[in-house]
Amino acid sequence: MNRHREILKWSAGLLLGGWIGFGCAEEAEPSVPAPPPFEKVNWPEVNYPGENLTQYVDPFIGTGGHGHTFPGATLPFGMVQLSPDTRLEGWDGCSGYHYTNKVVYGFSHTHLSGTGVSDYGDILLMPVTGPPTFASGAGTAPDSGYASRFRKADEIAAPGYYRTRLSDYGIDVELTATERCGLHRYTATPEDSLHLILDLAHRDPVKEAALRIVDDRHIEGFRFSNAWAKDQRVFFAIEFSRPFVDQEVMGHDRSPSGDVVNGHHVVGRFTFPPVADGVLQVRCGISAVSIGGAWAALEQEMRTWDFAAVKAAANAAWNRQLNKIVVQGGSREQKVNFYTALYHTMIAPNLFSDVTGEYRGLDGANRKVNADEQYTVFSLWDTFRATHPLFTLIEQRRTGAFIRTLLRHYRDGGILPIWELSGNYTGCMIGYHAIPVIADAYLKGIREFDAELALAAMVHSARQDHLGLAPYRKNGFIGAGEEPESVSKTLEYAYDDWCIGEMARAMGKSTAAFPNGDPEAAFVDRAQFYLNLFDPETGFFRAKMNGGWQPGFDPREVNFNFTEANAWQYSMFVPQDIARLDALLKPHGGLEQRLDELFVAESATTGRDQADITGLIGQYAHGNEPSHHVAYLYNYVGAPAKTQARVRQIMEELYRPAPDGLSGNEDCGQMSAWYVLSALGFYPVTPGTDQYVLGSPLFPEATLYFENGKKFTIRAEGTDAGKRYWGDAVLNGQAHRKSYLRHGDLLAGGELVLEMSDTPVAAAEGLERPFTTPPEVRLAVVPYFSAARETFTDSLRVEIKSVDPEAEIRYFIGERYAADQVTLPYAGPLRLTETTTLFAFAEMPDGRRSAVVSATYHKVDDRRSLELFSEYANQYSAGGDAALIDYLRGGPNFRTGRWQGYRKDLEVVLDLGAVKKFSQVGAGFLQDIGSWIWLPREVTFAVSKDGESFAELGTVQPDVPDNDYTAVTRDLELNLAAATEGRYVRMRALNYGVCPAWHLGAGGATWVFADEIWVE
């Protein structure tokens, strides 16, 4: 390996010296204090059982349907995911592979597991035979490039191993991996020369790439790309098992010596002469920091060419991981489902630091950790629910490393990440769910991190103004006109804020100890902000607009008030206050009845298409995360048998050992973590408590082996005979009359025995229920305004209501409200005759007040009316038929409810009420092509006095390029040379048509979004 040391020294110096313009970034001053060195726990060395459990893992599960997994070789939480690339575009190409494909483009070293957005697919290698020319690049079809057909019958996948045969070239491909390195073995026929393609232009848009030929067995370089992660960087070092005899590299620029090629489209071809066994092996190390880091990975992790040994080591690593949970009994199908799910929970987060401890920070600077590891790929909106709670049981040491990683992200980037990817803050999804991950671990005794810094980081996230947090803090909720996905964000922020308060309480923090003087009480209140969006009349959480409920409510409708869901699926996301949710629902039959209704409701949704809403049982959607805790809520209302029936139904119907066996995206382990925990017989409904709610175990026996040296066994005889109900339980020899377990019960070791039955057991109804501690002080809930519309012509009746019968409503009329403002007690409906702004708050008997909310109602010209000849989409109604003449203008975000959306041409006739003279007509439109919304191709206006015979006034065309991805609003106005008389004005806005070929949605229908029509 001396040659590697020489290359390591050379490449590290070359990179630092600014090779082709890319040196290491200067390390910025931390924006917050650096975490101190953590105090390590002296964990005992655990002797896990030696069961051969990899035999039950099928990496093809989830590669079909919408699972978005990959079948290739990786190690537990490893940096490398070496896998075939068969699908490069579209939603079902997120992992780079789909089981239905029959063409493979090559084998790249990074892949995402089960995400809903595409990225990775870096450093692609593809062996070919035939003429020694390299193809035109990625995405080519067989017969025109280097891609090849392959047969499903030739594919084999196992933990740490993948094999296929390239039908067009007669080459067998085998892949295995270490944590940071991939090992390829290609076997061609003895008489064939083998050409290896290295494509650095593959898949995502390339910002810069470079390839250097070191000698006839070593190459190195980097690839910087822009996709979901806007600045993803991968450095690589590659060694061949035998020398190449010819090479050709395509790129934009070449160094004076000719050995370095860089640019946006770098592709290399290396030719190897025939050999008797036809074998060529390639080992590749990667790094996010430097070429030196990639060589160091090869130096430390892959010193051998012994493919079988590396494969065996990968299998052993996976067996050690899988032996953390050993199940007995059950069918082979159930074991395949279970251990494949456990395997999928252990793919991400991915290792992100080099063997030297170096990593790329959230600020783009190269940094170093000592005696620790940095990780990436934190799909926190998904994984806070079950994946990370599972880790608090079987990955306690690594959980500490995950949290230290999140705190370094806070130090490096100035904020806890929402969805971190490859050292990039993507901002994807909602909430700030690093918080429950940290709080849940701390409250369960995992404390190998700086808790003071963690609490400061958590409070810092909660004190931001972005993503709707400013109105959330001010009003106690987010209005639909202020931020998209307002209902989901309000509910999830409230839960996250509860986690902050719980961690502060566990740390013994007083009011004065909170950073910036934020009192604990503030988070007690904020944890209850969900109440401000509960509609007592429907029993659902609803969007508010202008201080009142947004009209046209349909709980099945999928719209931009919710995140990948509808009101049904978010109707029970109050994991911090389930008893209060039950109380709120009492007029509607209570939580149990609402759960029953959810599971038997018609499964069809209305509104916008949302591919994530899958795995439907009624309106329960298991294919996406907001529903995952719902089946367990029956325990909280004393109906555990219904939980037992539903969770078993979900396990049996929505998980199958087949490529399309998952009901939705795997989402970095969350879909599988639900199955693992449910199959064991319990689930963490509320991360941030130490409770696991009991369900229905799938196996007669399951044992968890913990890192503290203890083990815990769940025995449930008869489950493999179909028995799913229980009522009597024994914990460590004592009757356990609870429908939940505590974290300490498990970690202390022992045994839980459940007596199973074919039918519901009456004794189950008397079990002690799981609980969440109610807040000592209940929130004063904001009142809400109720009126037929926001605009009126003569007068308008407005009511001000409260969900709390004890509250007194006080109100004020004026332009603005001040704290010392004199207010009036609300005694009944108000009659408005002029444009008016109302302010109101609720005051409780003990003097506590809600936030002040407001609504403005506009008096408009009573002679105008509008006739629509086009149909708008209900989820983009902007308030109804009169929205285009209501004087309420939309901003650049179409999701906030002020825009009216049309799939086809828009035609309307505005009736001015009388013949009038005017010199200008116009209308407002939106363009946001990333959301398939274009400005109309043209807008034509015409005028009439009788409404029958129209004379054309002229046509206006937009001045915004149709390929501009910036969200912009435009008033398309027609200024008339001379004043014109008429009563009726007709407007026809021509839809842009289908998405152009260069757009992600090529060929798909586009939208016209309008918000106001006027005549001056």
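Residue numbers here run from 1 along each chain, matching the order of that chain's written sequence. Per-residue local features of the predicted model are confined to residues with pLDDT of at least 70, and side-chain atom pairs are confined, for both listing and counting, to 80 or more; whole-chain, interface and lining totals are unaffected and use all residues. To get the side-chain values, take all heavy atoms of the structure and skip hydrogens and water.

Before going further, it helps to examine the environment of Phe-941. Its location among the elements puts Phe-941 in strand β55 (residues 938-944). Considering only alpha carbons, one finds Phe-941 and Ala-883, 58 residues apart in sequence, at a separation of 19 Å. If sequence neighbours within four positions are ignored, Phe-941 has contacts with Val-921, Gly-922, Ala-923, Glu-952, Leu-953, Gly-954, Val-956, Leu-972, Leu-974, Val-985, Arg-986 and Met-987. In this text, helices come from DSSP runs of H or I with a minimum length of four residues, and strands from runs of E with a minimum of two, each type numbered from the N-terminal end. Contacts: residue pairs with any heavy atoms within 4.5 Å of one another.

To continue, consider the pairing of strand β19 (residues 279-287). Summarising burial for β19: eight of the nine residues are buried, a large majority. Strands are labelled as partners when DSSP assigns at least two bridges between them. In the sheet, strand β10 (residues 181-187) pairs with β19 via seven bridges, with the strands oriented antiparallel. Considered in β19, the bridge of Leu-183 is made with Arg-283. Both strand β14 (residues 232-240) and β19 contribute to a ladder of six bridges, which runs antiparallel. When the bridges of β19 are listed, Phe-236 appears paired with Ile-286. The buried label applies to any residue whose accessible area, calculated with a 1.4 Å probe on protein chains only, is under 20% of its type's maximum; exposed applies above 50%, and partly exposed to all values in between.

Read from one edge of the open sheet, ten strands run β7-β8-β9-β10-β19-β14-β13-β12-β17-β16, paired in antiparallel fashion. Both edges of this open sheet fall to β7 (156-158) and β16 (253-254), since each of them pairs with a single strand only. Of the strand pairs in this sheet, strand β13 (residues 218-225) and β14 are connected by eight bridges, and their pairing is antiparallel. Each bridged residue has a counterpart across the sheet, and for Arg-223 the counterpart in β14 is Val-234. Only the stretch in contact is used when fitting a helix axis, every axis being a line fitted to C-alpha atoms; angles between N-to-C directions are given from 0 to 180 degrees. This element, helix α3 (residues 307-322), spans β8 (161-166), β9 (171-177), β10 and β19 of the sheet and lies at about 50° to β9.

Assignment of secondary structure puts Ser-95 in the loop between β2 (81-85) and β3 (103-104). Looking at Ser-95, the relative accessible area reads 1%, which means it is buried. Separated by 3.1 Å, the side chain of Ser-95 and the backbone oxygen of Tyr-97 make a polar contact. Contacts of Ser-95, omitting those with residues within four sequence positions, involve His-68, Thr-69, Phe-70, His-111, Leu-112 and Arg-203. Polar contact criterion, stated in full: a pair of N or O atoms within 3.5 Å, where within protein one must be able to donate a hydrogen and the other to accept it, and residues adjacent in sequence count only if both atoms are side-chain atoms.

Below, the discussion takes up the sheet that holds strand β43 (residues 750-757). The mixed open sheet is built from six strands, whose spatial order is β20-β38-β39-β43-β40-β41. Of all strands in the sheet, those with a lone pairing partner are β20 (325-328) and β41 (734-735), marking the two edges. Pairing of strand β40 (residues 725-731) with β41 involves two bridges; the strand directions are antiparallel. Counted as the bridge partner of Val-730 is Ala-735 from β41.

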